[in-house]
Amino acid sequence: MGYGRGVMDADVLPGPNSPLPPPFSALTAEVHEARMRRALRQAALAAEAGEVPVGAVIYHRDRLVAQAFNQTRTLKDPTAHAEMLAITQAASALGDWRLLDCALYVTLEPCAMCSGAIVLARIPLVVWGAPDPQRGGAVSCFQILDSPQLNHRPALLGGVLQDECSTLLLDFFKSRRTANHDHPTTEVPPP
């Protein structure tokens, strides 16, 4: 399975090889995978809507309190990432902007914007499937969730169902490229 920093180096942050903090230390790999599968179902809904297929769910202890998928095109809102929508839902469900005792599961490593929101919401555990070496804000490109300069550093678990999460994204973009190749736009670029 090899969960770790999102680059599969088998350690969990903060600190190499440190255990997950309570109440998350009791969670098994099967629990993490089941929760990621729920996030994958959200990502599939995004793909069906023509959105980049990223899904997120938030659990408060053992209770699902939020689930969302990317909706930037649908809502015409560049901040409508799955994580941002799920954080808003969870804060509303819990009646607090501090999402203590919560775990965020997302199919793609959070970007810089979402990582900033995760820090502000004080989410203690972030779990993702596929790493994002080009835009990852957790550890791959930017180390926002591992920054000692910030007042909150969640535990990180990357690579959960990485193959499934990556395949969903790769298939979506392959399909999009094929559709664009078969039907090139006829729009005239602005002067």
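Here is what the cut-offs are and how they apply
- Residues numbered from 1 in each chain as written.
- Predicted model: local features only at pLDDT ≥ 70, side-chain atom pairs only at ≥ 80, totals over all residues.
- Heavy atoms only, no water.
- Helix = DSSP H or I, 4+ residues; strand = E, 2+ residues; numbered from the N terminus.
- Axes fitted to C-alpha atoms, helices over the stretch in contact; angles between N-to-C directions.
- Parallel < 35°, antiparallel > 145°, perpendicular 65-115°, else oblique.
- Left-handed = near helix turned anticlockwise from the far one by under 90°.
- Contact = heavy atoms within 4.5 Å.
- Phe/Tyr/Trp six-rings, centres within 6.5 Å; stacked < 30°, edge-to-face > 60°.
- Buried < 20%, exposed > 50% of the residue type's maximum accessible area, 1.4 Å probe, protein only.

Remarks on unusual backbone geometry
Item 1. With phi around 60°, Asp101 is a residue other than glycine that occupies positive phi space.
Item 2. The topology assignment puts Asp101 in the loop between helix 3 (82-94) and strand 3 (102-108).
Item 3. Unlike most non-glycine residues, Leu161 shows phi in positive territory, near 55°.

Considerations on the packing of helix 3 against helix 4 (residues 112-121)
Item 1. Viewed as axis vectors pointing N to C, helix 3 and helix 4 meet at an angle of 20°, and their least axial separation amounts to 9 Å. For the element pair helix 3 / helix 4, the angle class is roughly parallel. As helix 3 packs across helix 4, the resulting crossing turns out to be left-handed. For the pair formed by helix 3 and helix 4, the contact residues are Glu83, Met84 and Ile87 on the first element and Met113, Cys114, Ala117, Ile118 and Ala121 on the second.

As for the packing of aromatic side chains
Item 1. Applying the stated criterion across every chain yields a total of two aromatic pairs.
Item 2. With 6.1 Å between their ring centres and 85° between their planes, Tyr59 and Tyr105 make a pair best called edge-to-face. Of this pair, Tyr59 sits in strand 1 (residues 55-60) while Tyr105 sits in strand 3; the two residues are 46 residues apart in sequence, bridging distant segments of the chain. Here the two residues Tyr59 and Tyr105 agree in accessibility, since each one is buried.
Item 3. Centroid distance Phe172 to Phe173: 5.1 Å. Interplanar angle 80°. Geometry classified as edge-to-face.

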